[in-house]
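# Residue-level structural notes
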Amino acid sequence: MENDHDEIIAMVREDLKAFLIKTFEILNPGQGFKDSYLGKTKRLIITLPPRHLKSLCSSIAFVCWLLGKRPHARIVCASYSEDLAITFANERRKLMQTAFYKKAFPGNRISKTKNTETETVNTKGGRIISASVGGTLTGKGGGFIVIDDPIKAGDAMSEAERKKVNDWFRNTVYSRLNDPMNDVIIIVMQR
């Protein structure tokens, strides 16, 4: 029985899809996971209707798995509001503090010196910055930027709101990449 558990831990350490499924089970006990998507690219836009696990997969599970696999990674996560960005940050911290995560990624622990609502640093020097779209990222950047719901669904029809988000993306996001040609940007939103 212990060998089965060790095999599962080894699998989630290496396989994002397995990690996503386990994350879903931890954060949504009693609900069944429905397999739907896994892909790789430097620039990715995920557009799905509400309640299709976009945020859980991209802003929580993927980010935690990535930091587990690459403990020195610098990751920026943004959402349309500070409240939503902090909610996702809290979910990431909750997952990273579970026995499951600690066993899957034994070298990746949240630092005791820097663990705030907007910045989580691990003991290997990796970090996750949480911010709102339009907010400041001065002096902060990374190799991975995940933008989850850059604009509220109700504001999507406003030309002024779209312009504000687009300007923030062009003027701020690209300048926060450590290596603009090779770093990753993922945008997750409704159509």
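Source: prediction; values computed, not measured. (Residues numbered from 1 in each chain as written. Predicted model: local features only at pLDDT ≥ 70, side-chain atom pairs only at ≥ 80, totals over all residues. Heavy atoms only, no water.)

### What about the overall build of the protein?
Of the regular secondary structure elements, the protein holds six helices and seven strands. Ordered by position from the N terminus, the helices and strands of the protein form the series α-α-β-α-β-α-α-β-β-β-β-α-β. Taken over the C-alpha trace, the protein has a radius of gyration of 16 Å; the compact-globule value for 191 residues is 16 Å, and the two agree within 12%. Burial status across the protein gives 45% buried among its 191 residues. Excluding contacts between residues fewer than 6 apart, the proportion of contacts in the protein whose partners are at least 24 apart in sequence is 72%. (Helix = DSSP H or I, 4+ residues; strand = E, 2+ residues; numbered from the N terminus. Rg over C-alpha atoms; globule rule 2.2 N^0.38 Å. Buried < 20%, exposed > 50% of the residue type's maximum accessible area, 1.4 Å probe, protein only. Contact = heavy atoms within 4.5 Å.)

### Some words on the pattern of salt bridges
Summed over all chains, the structure comprises six salt bridges. Note that K103 is salt-bridged to D6, the shortest N-O span being 3.2 Å. Here K103, found in helix α5 (residues 99–104), pairs with D6, found in helix α1 (residues 2–14); they are 97 residues apart in sequence, far enough to count as distant. For K103, a relative accessible area of 33% gives the class partly exposed. Of the charged contacts, one joins K114 and E119 as a salt bridge, the two residues approaching to 3.7 Å between their closest N and O atoms. The class for K114 is partly exposed, based on a relative accessible area of 32%. Taken together, the salt bridges that share partners define one network made up of K163, D167 and R170. (Salt bridge = Lys/Arg side-chain N within 4 Å of Asp/Glu carboxyl O.)

### Details of the packing of aromatic side chains
To describe a pair of aromatic rings, you give the distance between the ring centres and the angle between the ring planes. Per the counting criterion, the structure on display carries five aromatic pairs. Here F19 and F105 contribute two aromatic rings whose centre-to-centre distance is 5.6 Å and whose plane-to-plane angle is 70°, an arrangement assigned as edge-to-face. Here F19 is found in helix α2 (residues 16–27), whereas its partner F105 is found in the loop between α5 and β3 (110–115), with 86 residues between them in sequence. Each member of the pair F19 and F105 is classed as buried. Both rings, one in Y101 and one in F105, keep their centres 5.0 Å apart while their planes meet at 50°; by these two values the pair is tilted. Taken as a pair, Y101 and F105 share a single burial class, namely buried. Ring-pair connections join several aromatic residues into one group, and the members of that group are F19, F100, Y101 and F105. The ring of F100 has K22 sitting right over it, with the charged end atom 5.5 Å from the ring centre. (Phe/Tyr/Trp six-rings, centres within 6.5 Å; stacked < 30°, edge-to-face > 60°. Lys NZ or Arg CZ within 6 Å of the ring centre and 35° of its normal.)

### Focus: the packing of α2 against helix α4 (residues 82–96)
The contact between α2 and α4 brings their axes to 11 Å, and the two run at 100°. One finds that α2 runs roughly perpendicular with respect to α4. In this structure, α2 uses F19, T23, I26 and L27 to contact α4, whose residues at the interface are E91, K94 and L95. (Axes fitted to C-alpha atoms, helices over the stretch in contact; angles between N-to-C directions. Parallel < 35°, antiparallel > 145°, perpendicular 65-115°, else oblique.)

### Examining empty space enclosed by the protein
Here the structure, examined in full by the defined rule, presents one cavity of 30 Å³ or more. Taken as a whole, the largest cavity holds about 40 Å³ of empty space. Lining the largest cavity are S59, C77, A78, S79, A85, F88, R92, S130 and D148. Breaking the lining of the largest cavity down by element, the ones donating at least two residues are β2 (74–79) and α4. (1 Å grid on protein atoms, 1.4 Å probe; cavity = no way out; pocket = protein on both sides within 12 Å on 5 of 7 lines; lining within 4 Å. Points joined across faces, edges and corners; volume = space filled by probe spheres on them.)

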